[in-house]
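Structural overview for review
Here are the chains, one letter per residue:
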Amino acid sequence: LFFTVPIVGRYSGDHYRVATTTANTQFTVTCRTLTSSTPTTAHFTIEFNDATGSGFKVFNTNSGTTSGSPSSRKEDLQWCCIESNNPVLVMQYAQGRTADTFGGPLMTIIPPVVQYLNNYTVPTGKGIRESQLDVGFTIAVPRDDTYFRSPNEDGSRILVNTEAITPDPDEGWIEIFCANGQICGYSARVEHAPDG
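Keep in mind that what you see is a predicted model, and the values were worked out from it rather than measured.

Attention now moves to the state of the cysteines. For the structure on display, the rule yields 2 disulfides. Residue pairing for cysteine 31: its cysteine sulfur links by disulfide to cysteine 80, the two sulfurs lying 2.0 Å apart. With the S-S dihedral at roughly 110°, the linkage between cysteine 31 and cysteine 80 falls on the right-handed side. Of this pair, cysteine 31 sits in strand S3 (residues 26–33) while cysteine 80 is found in strand S7 (residues 78–84), placing the two residues 49 residues apart along the sequence. Covalently, cysteine 178 is tied to cysteine 184 through a disulfide, its sulfur atoms 2.2 Å apart. A torsion of 115° about the S-S bond marks the disulfide between cysteine 178 and cysteine 184 as right-handed. Each member of the pair, cysteine 178 as well as cysteine 184, carries the same accessibility label: buried. Looking at cysteine 81, it has no disulfide partner, and the nearest cysteine sulfur is the one in cysteine 178, 3.7 Å off.

As structure tokens, this is what we get:
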């Protein structure tokens, strides 16, 4: 089980590669947009190469757009859950400046939910003037009846510097759905003003 979230400020679409070393690997991608709480699910089979003993599938979760205002482009972004029948490695890509008007291309490995920790240190650019750097991050948390049932009931359990997080007011908490249609996690974008 993997949760994917849009990369902040990148509106040209989210690109993924799912790789495996196990034949007959299938996976589902269940996504929802910011403006729709109805998820859509796509099913994939990884084309396995017996000669190399591996296989991968590349896909995009949305077409993305580079036209219109940032707020209208945000409506196309998608929060997703990836589920597979065998172990997989999930990588997320962002295009560079020509597609998103800023930043370089990047690749990041998405950890599976079972490897999430309960404590993270996030560098926030202390000593950099706020006008020079927007500091923020997006979190994704699994729904767990012991620790986190819903943001409305248990939002205080997710803390930043000992204070309950306040999600981006334009987005709030975003539900992440699994293929069975149930809510299996939540995501929120958090802005942080660096000190001094």
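Okay, back to it.
Below, the discussion takes up the sheet that holds strand S2 (residues 15–20). Taken together, the 5 strands give an open sheet; going across it, the order is S5-S6-S2-S8-S9, and neighbouring strands pair in antiparallel fashion. Looking at the sheet topology across the chains shown, the edges are occupied by strand S5 (47–49) and strand S9 (106–110). Averaged over neighbouring strand pairs, the angle between their axes works out to 25° when direction is ignored. As paired elements, strand S8 (residues 89–94) and S9 share 5 bridges and run antiparallel to each other. Bridge pairing links methionine 91 to isoleucine 109 in S9.

Procedures and definitions
Residues numbered from 1 in each chain as written. Predicted model: local features only at pLDDT ≥ 70, side-chain atom pairs only at ≥ 80, totals over all residues. Heavy atoms only, no water. Disulfide = S-S within 2.5 Å. Helix = DSSP H or I, 4+ residues; strand = E, 2+ residues; numbered from the N terminus. Buried < 20%, exposed > 50% of the residue type's maximum accessible area, 1.4 Å probe, protein only. Pairing = 2+ DSSP bridges. Axes fitted to C-alpha atoms, helices over the stretch in contact; angles between N-to-C directions.

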